[in-house]
Amino acid sequence: QQQSGGGDVEEEVYKGGSKTLSLFSHLPQYRDPAQNTHEFSGVTLGKDTTTPESSDRLPPQVLSLGLQYADGSIRGGNARCKAMLRTFQSILQSYTPSPHTKDYRHDLDTRIIKPAFQYWTSKCRTHSVSMGNAFTFLKLAVASLPRDLPLKEVVEQLNDTIDAYIQERIIFADQVITKHACTKIGNGDVILTHAKSDVVELILLKAASKGKTFRVIVVDSRPLLEGRALVNKLVSAGIECSYILLNALSYVMMREVTKVFLGAAALMSDGSVLSRVGTGCVALMAHANKIPVLFCCETYKISSRVQLESITGNELGNPDDVVCTSTCAMDHSLDNVNNNNKAKDSVLTDWKDRPNLKLLNLLYDLTPSEYVSGIVTEVGILPPTSVAVLLREMNPQDNDSVFKSG
């Protein structure tokens, strides 16, 4: 491996030369936690670590969460955001200010919040829009604390603020989204969804609990095959399901599907939607067959950015995950013996030694707003053209700060 002068971007070099695709070279390259174990123990902050006074170690909770981000143990915008906020709560319980600190706000911001977030983003995995918005919210909450507030009250107030954010912007929002979306499901409907979305899962389970009879088609794709977990939960709840891979999408879309429900990783201000790779294909196919496409997304995932394609802003996954060409889901953990066994008979096993072969594992794609029939949020079902208005209404004081994605 070769490391650039900045130290944040790695380019993998093998016998066959560089394996980084030039079209995506501007994106942070995937960092395998199994090959960078030193970054998840005893990490120090600051350039000079020769003296105890200049060395400030990251809390173990930060390192533990970073490892889970890096190896894929925690996936999904909501799960990653909640894990980040809960980790900050855990750190606050044992927070000890610097000996010469006169302002807890400055100390928390510079010693705890910023270093932890920078570590997760630069060393583990690029932060999601939901994490970026929650991070900005937490920074504003810290900056808004009274200067002379006692430490005990600082901790209590920040804990209450984080609890309220999780409850109102994620948990309660999902409940309201479920209520709105259930009104769009009728008896006899055939609902199609892609991969696994927590809020879509809640919607389908809630609709079934109300006695509605419908069928679900789960479209999945390698290498994560996340839809299998969704199928297991839906079948356990007594919902009739079908499971297909992405290459069979056109067949079922033309013959059976009546509505499409999809999850979202982020909503752009122009109404386009960033979601798990393959979602754009599903939305495009549904639009071509005049089938309504509803994206279910909390408003805290709105970004002030405008994105026109999936190249400028995206995230790269582990290229070795693509090596396995079977329909076995990859095991995302440091112990990847199972993955090696699955991939040993693949035609791509020796891809690193082939000079003319490169593998690409994109994690997200962008769905243009013209393929979106409606966006189900906690404030109602909105057309994609209303995302910018919603962004402006929710932040009249500063439209570019609170929902800035980082």
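Can you tell me about the overall build of the chain, naming the residues and giving the values?
Along the backbone of the chain there are eleven helices and 16 strands. By the burial criterion, 49% of the 406 residues in the chain qualify as buried. Across the chain, contacts joining residues at least 24 apart in sequence account for 76% of those joining residues at least 6 apart. When the accessible surface of the chain is summed, it comes to about 18,900 Å², and 53% of that surface belongs to carbon and sulfur atoms.

Before we move on, can you summarise the packing of helix H2 (residues 77-93) against helix H4 (residues 129-143) with the specific residues and values?
The N-to-C vectors of H2 and H4 enclose an angle of 30 degrees; their axes lie 8 Å apart at closest approach. It follows from the interaxial angle that H2 and H4 lie roughly parallel. Classified by chirality, the crossing of H4 by H2 is right-handed. Only Ser-130, Met-131, Ala-134, Phe-135 and Leu-138 of H4 make contact with H2, whose side of the interface consists of Gly-77, Arg-80, Cys-81, Met-84, Leu-85 and Phe-88. Its residues placed into classes, the contact of H2 with H4 shows eight nonpolar, two polar and one charged.

Can you break down unusual backbone geometry residue by residue, with the values?
A cis amide bond links Arg-222 to the next residue, Pro-223, at an omega of 0 degrees. In the Ramachandran plot, Leu-225 falls in the positive-phi region, its phi being about 50 degrees despite a non-glycine side chain. Along the polypeptide, Leu-225 turns up in the loop between strand S8 (215-220) and helix H7 (227-236). Accessibility expressed as a relative area gives 3% for Leu-225, which makes it buried. The backbone of Lys-290 shows a phi angle near 60 degrees, a positive value even though the residue is not glycine.

Pulling in residues and values, what's your account of the packing of helix H3 (residues 104-124) against H4?
Contact geometry of H3 with H4 gives a least axis separation of 10 Å together with a crossing angle of 170 degrees. As summarised for this structure, H3 and H4 are arranged roughly antiparallel, according to the angle between their axes. Along its contact with H3, which presents Arg-105, Leu-108, Asp-109, Ile-113, Lys-114 and Phe-117, the element H4 presents Met-131, Gly-132, Phe-135, Leu-138, Lys-139, Val-142 and Ala-143. In terms of residue class, the contact of H3 with H4 is made up of eight nonpolar, one polar and four charged.

Lay out the nonpolar core in plain terms, naming residues and giving numbers.
Ranked by internal contacts, the top residues of the largest apolar core, which has 40 residues, are Tyr-69, Met-84, Phe-88 and Trp-120. With eight residues, H3 is the single largest residue contributor to this core. Setting aside anything within four residues of it in sequence, one finds Phe-88 in contact with Ile-112, Ile-113, Ala-116, Trp-120, Leu-138 and Ile-162.

Describe the side chain of Glu-315, and please don't skip the residues or the numbers.
Secondary-structure assignment places Glu-315 in the loop between strand S13 (293-296) and helix H10 (337-343). A polar side-chain atom of Glu-315 sits 2.5 Å from a polar atom in the side chain of Arg-125.

Tell me what's going on with the confidence of the model for the chain, and back it up with residues and numbers.
For the chain, mean pLDDT is 86; residues scoring 70 or higher make up 84% of the total. pLDDT under 50 marks residues 1-17. Its contacts with residues more than four places away, or in other chains, come to 34 contacts. In this model residues 44-55 is a low-confidence stretch, pLDDT under 50, and it forms 13 contacts with partners more than four residues away in sequence or in other chains.

Residue-level account of the sheet that holds strand S14 (residues 364-367), with values.
Pairing within the open sheet is antiparallel, and its three strands lie in the order S11-S12-S14. Here the strands that pair on one side only, and so sit at the sheet edges, are strand S11 (266-267) and S14. One ladder, built from two bridges, connects S11 with strand S12 (residues 273-276); its direction is antiparallel. Of the residues in S12, the one forming a bridge with Leu-267 is Val-273. Lying on the sheet, helix H9 (residues 279-288) is in contact with S12 and S14; it crosses S14 at an angle near 30 degrees.

Any chance you could break down H4 for me, citing the residues and the numbers?
Between the first and last C-alpha of H4 there are 21 Å, a value that for 15 residues agrees with the 21 Å anticipated at 1.5 Å per step. For H4, the buried fraction is high: eleven of the 15 residues fall into the buried class. Every buried residue of H4 is accounted for by Val-129, Ser-130, Met-131, Gly-132, Asn-133, Ala-134, Phe-135, Thr-136, Leu-138, Ala-141 and Val-142.

Tell me about helix H6 (residues 198-209), residues and numbers included.
Across its twelve residues, H6 extends 17 Å between first and last C-alpha, which sits within 8% of the 16 Å expected from 1.5 Å per residue. The complete set of buried residues in H6 reads Val-199, Val-200, Glu-201, Ile-203, Leu-204 and Ala-207. Where H6 is buried, its residues touch helix H5 (151-182), strand S7 (190-194), S8, H7, strand S10 (259-263) and S13. Phi turns positive one or two residues past the end of H6, at Gly-211, with a value near 90 degrees.

Describe in detail the packing of aromatic side chains, supporting the description with residues and values.
All told, the structure shown has five aromatic pairs when counted by the stated rule. Ring pairs connect the aromatic residues Tyr-69, Phe-88 and Trp-120, which therefore count as one cluster. Against the face of Tyr-69 rests Arg-80, its NZ or CZ located 5.6 Å from the ring centre.

Provide a residue-level description of the pairing of S10, including the pertinent values.
Judged by how many residues are buried, S10 sits mostly within the fold: four of five residues are covered. In the sheet, S7 pairs with S10 via two bridges, with the strands oriented parallel. The partner of Leu-192 across the bridge, within S10, is Val-260. Relative to S13, S10 runs parallel, the two sharing four bridges. Bridge assignment links Phe-261 to a residue of S13, and that residue is Leu-294.

Definitions and cut-offs
- Residues numbered from 1 in each chain as written.
- Predicted model: local features only at pLDDT ≥ 70, side-chain atom pairs only at ≥ 80, totals over all residues.
- Heavy atoms only, no water.
- Helix = DSSP H or I, 4+ residues; strand = E, 2+ residues; numbered from the N terminus.
- Buried < 20%, exposed > 50% of the residue type's maximum accessible area, 1.4 Å probe, protein only.
- Contact = heavy atoms within 4.5 Å.
- Areas by Shrake-Rupley, 256 points an atom, 1.4 Å probe, with all protein chains shown as cover.
- Axes fitted to C-alpha atoms, helices over the stretch in contact; angles between N-to-C directions.
- Parallel < 35°, antiparallel > 145°, perpendicular 65-115°, else oblique.
- Left-handed = near helix turned anticlockwise from the far one by under 90°.
- Nonpolar A, V, L, I, M, F, W, Y, C, P; charged D, E, K, R; others polar.
- Core = buried A, V, L, I, M, F, W, Y, C linked by side-chain atoms within 4.5 Å.
- Polar contact = N/O pair within 3.5 Å; in protein donor to acceptor, adjacent residues only side chain to side chain.
- pLDDT = per-residue confidence, 0-100.
- Pairing = 2+ DSSP bridges.
- Expected span 1.5 Å × (residues − 1).
- Phe/Tyr/Trp six-rings, centres within 6.5 Å; stacked < 30°, edge-to-face > 60°.
- Lys NZ or Arg CZ within 6 Å of the ring centre and 35° of its normal.

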